[in-house]
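For reference, the chains in residue letters:
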Amino acid sequence: MSALTVALGERSYPIHIEPGILGRAGTLLAPHTRGRVLVIADETVAMCHGAVLAASLSAAGIDHRMATFPAGEPSKTLATAERMWAACAEAGIDRGGLVVGFGGGVSGDLAGFVAACWMRGVRFAQIPTTLLAMVDSSVGGKTAVNAPFGKNLVGAFHQPGVVVIDPTLVATMAPREYRAGLAEVVKYGVIKDPAFLAWQEANAGALVAGEPDAVAHAVRESCRIKAWYVAEDETEQGVRAHLNYGHTFGHAIERDTRYERWLHGEAVGIGMGMAADLSARLGLLADPDLPRRQGALLDALALPRRAGRADPERLTGHCRLDKKAAAGRCRFVLPRRAGEVETVVVEDLAAVAASFAAGMDP
Ligand SMILES: NC(=O)c1ccc[n+]([C@@H]2O[C@H](COP(=O)([O-])OP(=O)(O)OC[C@H]3O[C@@H](n4cnc5c(N)ncnc54)[C@H](O)[C@@H]3O)[C@@H](O)[C@H]2O)c1
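What you see is a predicted model; the values in this text were computed from it and never measured.

J.: Describe helix H3 (residues 78–91), with residues and values.
T.: In this model H3 runs 19 Å from its N-terminal to its C-terminal C-alpha over 14 residues, within 8% of the 20 Å that 1.5 Å per residue would give. Against the buried residues of H3 lie strand S3 (37–42), strand S4 (64–69), helix H4 (105–117) and strand S7 (142–147). Directly beyond the C-terminal end of H3, a positive phi value near 70° is found at Gly 92.

Below, the structure written as C-alpha cells:
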C-alpha cells in the first residue's frame with residue numbers, strides 16, 4: 001500500500017500504514033539512521049509487541065536498544081525524560097542516531113521530546129500502538145512532557161522522519177481505550193470530510209468491533225486529514241486549531257474530574273456534543289441535523305455523551321484557563337455543517353455554561 005506524505009518541504013515525511021507492517025519496521029527505519037537506534041516504549045507495549053519490533057530491527061542489521069518506563073500518563077514527566085537521556089548516552093545515540101517512540105501518545109510525546117533535546121535534536125520515528133496515537137499524536141510533531149503547573153506545557157515541535165503504523169496492533173488494546181480513540185476519528189469526519197463521516201455512520205458496527213479492514217481505513221483517512229492540517233499550518237497559527245474541535249469543552253471536563261474519570265477521547269466526544277450545542281445556540285449552525293448525526297454516531301461507537309454532574313459555571317471558568325484561550329477569552333471550534341468548522345472567540349459565557357449544562361446529567 002502506498003505511503004501518505006506529510007508535505008513539509010525538505011522535512012516532508014512518509015506515513016506507512018499496513019496491517020502486519022511492524023514485522024518490516026526495521027527495513028523502513030534503516031534509511032533514517034546512520035548510527036544506533038534507541039526505542040522508547042512503556043512496559044506494557046514492550047511486553048506485548050517489543051519482540052516483533054526488536055526482531056525486525058535486528059533483521060535489518062540495526063544496532064538497537066529499548067528503554068522502558070511504567071505505562072501511563074504519570075510517566076510523561078521531565079524525570080522520565082531524564083532517564084531516557086541517560087539511556088541515549090548508554091546506547092551511544094549520537095547526531096547520526098535515531099530515537100523511536102513505540103507505544104501510545106505518552107511514549108510518542110515523551111520520545112519526541114527526548115529526541116528534540118538530545119544533542120540539540122536527533123532524528124525521530126513514530127511507531128504508534130494505540131488508536132489515538134495512530135490517528136492523532138504520531139503525526140504532526142507536537143512533543144511534550146507534563147509539568148506540575150500543567151499538562152503538555154514543556155515541549156517542542158519536532159517532526160518525525162517517518163511514521164510506521166500497523167493497525168492490527170489495536171487488537172491487544174483495552175476496549176475502553178480503543179473506543180476512546182474512535183472519538184478523534186469522528187472528529188476528522190465532522191471537521192473536514194462529510195464522505196468520511198458518512199462512511200463511519202455506515203461502518204460504525206465494524207469500527208466498534210475493531211474489524212481490521214475498518215480500522216485500517218479509519219486510520220488511513222484520519223492520517224490523510226491530519227497530514228493536510230499539519231502541512232497547511234505546522235505550528236498551529238491558524239487552521240490547525242480546527243483539530244481542537246471538542247477539546248476546549250473536553251479539557252474542562254477532564255480538568256474538573258482531575259483527569260481521573262474520563263479518558264481523553266471520551267471527554268473529546270462529550271465536548272463535541274457541547275460544541276455542536278454552542279454552535280446552535282450562537283446561530284452558527286447551518287445544518288440543524290448535524291448534532292443529531294454526530295450524537296447517533298457517538299452512541300453507535302459506544303462512547304459516552306454526558307459528563308455526569310458538575311457546576312457549569314466552574315467548567316466555563318476552566319475554559320478561560322485553557323492553553324488555547326487568547327488573553328483569558330474563550331476560543332472554541334464550532335461546526336457549521338458536516339466538514340466545515342470555524343474558530344470563534346466567544347464572549348457570551350452564559351451560552352458556554354448553557355452548553356456545558358446541556359451535555360451533563362440534570
Ligand atoms: N502530540 C500530539 O499531537 C498529541 C495528540 C493527542 C494526544 N496526545 C497525548 O497522548 C497521550 C495519550 O495517548 P494514549 O491514549 O495513546 O495513552 P497511552 O500512551 O498512555 O496508552 C494508553 C494505554 O494503552 C497501553 N497500550 C498502548 N498500546 C497498546 C497495545 N497495542 N496493546 C495493549 N496496550 C497498549 C499503554 O501501555 C497504556 O497503558 C496524552 O499524554 C496526550 O497528551 C498528544
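J.: Got a sec to walk through the packing of helix H6 (residues 175–192) against helix H7 (residues 194–202)? Specific residues and values, please.
T.: Where H6 meets H7, the axes come as close as 6 Å, and the angle between the chain directions of the two elements is 135°. Relative to H7, the element H6 lies oblique. At the point where H6 passes H7, the crossing takes the left-handed sense. Contacts between H6 and H7 involve Val 185, Val 186, Tyr 188, Gly 189 and Val 190 from the former and Phe 196, Leu 197 and Gln 200 from the latter. For the contact of H6 with H7, the per-class residue count stands at six nonpolar, two polar and no charged.

J.: Lay out the environment of Ala 300 with the relevant residues and their values.
T.: Within the secondary structure, Ala 300 is located in helix H12 (residues 290–300). The spatial distance from the C-alpha of Ala 300 to the C-alpha of Lys 142 is 31 Å, given a sequence separation of 158 residues. With residues up to four places along the chain from it excluded, the contact list for Ala 300 reads Ala 204 and Val 208.

J.: Could you give an account of the site of the ligand, with specific residues and numbers?
T.: Near the ligand lie 28 residues; those nearest to it are Thr 44, Ala 71, Gly 104, Gly 105 and Ser 137. In terms of residue class, the shell around the ligand is made up of eight nonpolar, 13 polar and seven charged.

J.: I'd like a rundown of helix H13 (residues 312–321), residues and numbers included.
T.: When we look at burial in H13, the residues that qualify are Pro 312, Leu 315, Thr 316, His 318 and Cys 319. Projected onto a plane normal to the axis of H13, the buried residues spread over an arc of 150° and lie on a single side. Buried positions along H13 lie against helix H10 (247–256), strand S10 (330–337) and helix H14 (349–358).

J.: Pulling in residues and values, what's your account of unusual backbone geometry?
T.: Backbone geometry at Arg 120 places phi at a positive 60°, although glycine is not the residue there. Its place among the elements puts Arg 120 in the loop between H4 and strand S6 (123–128). Even without glycine at this site, Arg 258 takes up a positive phi of about 50°. As for its placement among the helices and strands, Arg 258 is situated in the loop between H10 and helix H11 (264–281). Given 7 C-beta atoms within a 10 Å radius, Arg 258 is considered exposed.

J.: Describe the nonpolar core, and please don't skip the residues or the numbers.
T.: Ranked by size, the top nonpolar core spans 109 residues in total, and within it Leu 38, Ile 40, Val 99, Val 100, Val 114 and Ala 275 carry the most contacts. Both domains that meet at this core, namely domain 1 (4–171) and domain 2 (175–358), each give it at least three residues.

J.: Tell me about the sheet that holds strand S1 (residues 4–6), and please be specific about residues and values.
T.: Taken in spatial order, the seven strands of this open sheet run S1-S2-S9-S6-S5-S3-S4, and their pairing is mixed. The strands lining the two open edges of the sheet, one partner per strand, are S1 and S4. Direction aside, the axes of adjacent strands within the sheet are offset by 20° on average. Relative to strand S9 (residues 162–165), strand S2 (residues 13–17) is paired through three bridges, and the arrangement is parallel. Bridge pairing in S9 places His 16 opposite Val 164. Packing against the sheet, H3 makes contact with S3 and S4, and its axis sits at approximately 165° to S4.

J.: Break down the pairing of strand S8 (residues 150–157) for me, with residues and values.
T.: Bridge count for S7 against S8 is five bridges, and the pairing is antiparallel. Among the inter-strand pairings, Ala 147 is bridged to a residue of S8, identified as Gly 150. The turn joining S7 and S8, which pair antiparallel and follow one another in sequence, is formed by two residues.

J.: Give a detailed account of the pairing of S10, specifying residues and quantitative values.
T.: Of the strand pairs in this sheet, S10 and strand S11 (residues 340–346) are connected by seven bridges, and their pairing is antiparallel. Pairing of Pro 335 across the sheet is with Val 341, part of S11. With antiparallel pairing between neighbouring strands as the criterion, S10 and S11 make up a hairpin whose turn holds two residues, including Gly 339 at a positive phi of roughly 90°.

Cut-off values and rules
Residues numbered from 1 in each chain as written. Predicted model: local features only at pLDDT ≥ 70, side-chain atom pairs only at ≥ 80, totals over all residues. Helix = DSSP H or I, 4+ residues; strand = E, 2+ residues; numbered from the N terminus. Expected span 1.5 Å × (residues − 1). Contact = placed C-beta atoms within 7 Å. Axes fitted to C-alpha atoms, helices over the stretch in contact; angles between N-to-C directions. Parallel < 35°, antiparallel > 145°, perpendicular 65-115°, else oblique. Left-handed = near helix turned anticlockwise from the far one by under 90°. Nonpolar A, V, L, I, M, F, W, Y, C, P; charged D, E, K, R; others polar. Near = placed C-beta within 6 Å. Buried ≥ 20, exposed ≤ 12 C-beta atoms within 10 Å, placed from the backbone. Arc of directions from axis to C-beta. Core = buried A, V, L, I, M, F, W, Y, C linked by C-beta atoms within 7 Å. Domains from an automatic or database assignment. Pairing = 2+ DSSP bridges.

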